[in-house]
Structures are given as structure tokens and as C-alpha cells.
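Residue-level structure breakdown
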Amino acid sequence: MLSNIRDRAMRWSREKKLDHFYSLRTSRQSVLDVGISPNDWSDSVNVFMKRFRGDDSCYTGLAVENIDDIARLNPGKSFCQYGGDTFPFKDKAFDWVFSNAVIEHVGGREAQVLFLQEMCRVSRHVFFKTPNKYFPVESHTNTFFRHWSSTQFYRWCQENQPHWSEKNLFLMSKEYLIGILKEAGVKNYTIHANRVLGWPMTFTVVIT
């Protein structure tokens, strides 16, 4: 039952996030979708790409893994693979960057700051979402409250879900998020708390 509640909340959050983004973007503005997954095994993966509202020519997907199969299935859209550090695009190449729950997977603080700087460098506007560390349920591991203590959480991951570590799952509080935005030199931004039963489940950051 708890799993069903979580899944329903995540679907609701995704829909709300998409509506929010499209309320800001005009129809002909170009978008770089940062964080395409090659493991496109469910409707919840690559949602933005699959449900892109606009002409395919306005869409570019960026990934760190090979996404040739996805590119073949979406011939009207553009796709690019990169090494995970500097984005392979010129300054202000896009009107928008859209990134859904990616920044928490790029590494520690230094990598997150670089990720922020690159999103801002290649685009005029940035829209990204990340989970709230202090939401009761951690969605990747389905643990309750354990992730509130980083030391205990990563020790538990090592013993029970060794795929996850600080290198690929670095959760953020709102205070931490504000700190890395400042460190990245970002000044014009708003943070929106996406709440479930009054509790911030995720944060959406809009940078202009």
C-alpha cells in the first residue's frame, strides 16, 4: 500500500512539473533535455522526451551513456552523448535546459556545481527538479527516514543495495541546494517546493 501511495505521488509530481515547465516555455523555444536514460523500460523513464509538447526540431536530448537505440526510434529529435563533465554545446545554444532528477546523480558537491554552471552556460533559462533529502521516503531505495543520516544511509546501501553510493546518489536539502547555487554563481532563481500532504517531496529550481 505504501508503495502504491509513493508511486501515485510521483506520477502526480511529474504531471505538475511538466505543466509548470510548459507554463514558462513558448512553443518555438529550443530545449536541451539533460539526463536521457538508455534504459527506457517503463513509462516513467524519459517522460519529458516521450511527451514533448512541441515540434521535434526544438528538442535535443543529452546523455552520458549510449542512446543510439532511442535516437533511431525518435528520428525527428536530436540526441548527443557526452563524457559527463563539460556539455558539448556553445554558450546559450538553447532557450531552455530541462533536467528531471539528474543533479543528485552526477557526484558530490564539486560535480554538482559544475553541472549547474554548464546548464546555465548553454541555455538562457534552466528548469530542473531534485528530490528533497528530508522527505520521509527515499524513492531510489524505498527506505523510510534512513537517508536523513548520510553515514547510516550509505552504510546501509553498501550492505543492501551496493549499486548506490555517494558517487551516484547525493541527496540535497533546500539549504544545501541554495549553497551550491550560490557557489555556481547563480543569482536569478526561484525554488518551488512540490508538496505531498504538506511535506516537500521535491524541489523545482527555475533559473533565468
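Residues numbered from 1 in each chain as written. Predicted model: local features only at pLDDT ≥ 70, side-chain atom pairs only at ≥ 80, totals over all residues. Heavy atoms only, no water.

Some details on the overall build of the chain
Applied cut-off: Secondary structure follows DSSP: runs of H or I at least 4 residues long count as helices, runs of E at least 2 residues long count as strands, and numbering of each begins at the N terminus. All radius of gyration figures rest on C-alpha atoms, and the globule criterion is 2.2 Å times the number of residues raised to 0.38. Buried residues are those whose accessible area, probed at 1.4 Å on protein chains only, stays under 20% of the maximum for their type, while exposed residues exceed 50% and partly exposed ones sit between those limits. Note on areas: Shrake-Rupley with a 1.4 Å probe; residue coverage comes only from the protein chains shown. Residues scored as positive are Lys and Arg, those scored as negative are Asp and Glu, and His as well as the terminal groups of each chain are ignored. For the purpose of locating charges, the reference atoms are NZ of Lys, CZ of Arg, CG of Asp and CD of Glu.
Helix and strand content of the chain: six helices and nine strands. Taken against the 2.2 N^0.38 rule, which gives 17 Å for 208 residues, the C-alpha radius of gyration of the chain at 17 Å falls within 12% of a compact globule. If one aligns the C-alpha atoms of the chain with their principal axes, the spans along those axes are about 45 × 35 × 35 Å. A total of 208 residues make up the chain; the buried ones form 49% of that total. Surface accessibility of the chain: about 11000 Å² in total, with carbon and sulfur atoms responsible for 50%. Taken together, the 27 basic and 22 acidic charged side chains of the chain have centroids lying 6 Å from each other.

Some points on the sheet that holds strand β5 (residues 123-131)
So the rule is basically this: Two strands form a pair only when DSSP identifies at least two bridges running between them. Orientation is described by axes fitted as lines to C-alpha atoms, over the contacting stretch for helices, and by angles from 0 to 180 degrees between their N-to-C directions. We call two residues in contact when some of their heavy atoms are within 4.5 Å.
Spatially, seven strands are ordered β3-β2-β1-β4-β5-β9-β8 in an open sheet, and the strand pairing comes out mixed. Among the strands making up the open sheet, the edge pair consists of β3 (78-81) and β8 (189-196). For this sheet the average axis-to-axis angle between neighbouring strands, irrespective of direction, equals 20°. The pairing of β8 with strand β9 (residues 199-207) spans eight bridges and is classified as antiparallel. Its bridge partner being in β9, Asn194 is matched across the sheet by Thr202. Packing of helix α4 (residues 109-122) onto the sheet brings it into contact with β1 (31-34), β4 (94-100), β5 and β9, and relative to β5 it is tilted by some 145°. Sitting on the sheet, helix α6 (residues 174-183) is in contact with β5, β8 and β9, with an inclination near 160° to β8.

Concerning the nonpolar core
Definition in use: Among the buried residues, those of types Ala, Val, Leu, Ile, Met, Phe, Trp, Tyr and Cys that are joined through side-chain atoms within 4.5 Å form a nonpolar core.
One finds Leu32, Phe87, Leu116, Phe128, Leu177 and Ile207 to be the most contacted residues of the largest nonpolar core, which totals 31 residues. Counting only elements with at least two residues in this core, the list comes to β1, β4, α4, β5, α6 and β9. With six residues, the single largest contributor to this core is α4. Of all hydrophobic cores here, the second largest spans 19 residues; its members include Leu18, Phe21, Ala63 and Trp96.

Thoughts on the packing of aromatic side chains
Operational definition: Two aromatic rings, drawn from Phe, Tyr or Trp (for Trp, its six-membered ring), form a pair once their centres lie within 6.5 Å of each other, and the interplanar angle then sorts them: stacked below 30 degrees, edge-to-face above 60, tilted otherwise. Geometrically, a lysine NZ or arginine CZ counts as sitting over a ring once it is within 6 Å of the ring centre and also within 35 degrees of the ring normal.
Inspection of the entire model under this criterion finds 20 aromatic pairs. Both rings, one in Phe21 and one in Tyr22, keep their centres 5.2 Å apart while their planes meet at 75°; by these two values the pair is edge-to-face. Every member of this aromatic cluster is reached through a ring pair, and the members are Phe21, Tyr22, Phe48, Phe52, Tyr59, Phe79, Trp96, Phe98 and Phe127. For the cation-ring pair, Lys77 lies above Tyr59, with the distance from its terminal atom to the ring centre recorded as 5.8 Å. One residue, Arg109, lies across the ring of Tyr176, its end atom 4.9 Å from the ring centre.

Comments concerning the pattern of salt bridges
Heads up, the condition is: What makes a salt bridge here is a side-chain nitrogen of Lys or Arg within 4 Å of a carboxyl oxygen of Asp or Glu, nothing more.
The tally for this structure, following the rule as stated, stands at nine salt bridges. The residue Lys77 makes a salt bridge to Asp56 at a minimum N-O spacing of 3.2 Å. Here Lys77 is found in the loop between α3 (68-73) and β3, whereas its partner Asp56 is found in the loop between α2 (47-50) and β2 (59-63), with 21 residues between them in sequence. Glu118 is the partner of Arg121 in a salt bridge, and the nearest nitrogen-oxygen pair spans 2.8 Å. Taken together, the positions of Arg121 and Glu118, both in helix α4 and three residues apart, correspond to about one turn of that helix. Glu118 sits in the buried class, given a relative accessible area of 8%. One continuous salt-bridge network, built from bridges that share partners, spans Asp91, Glu118 and Arg121.

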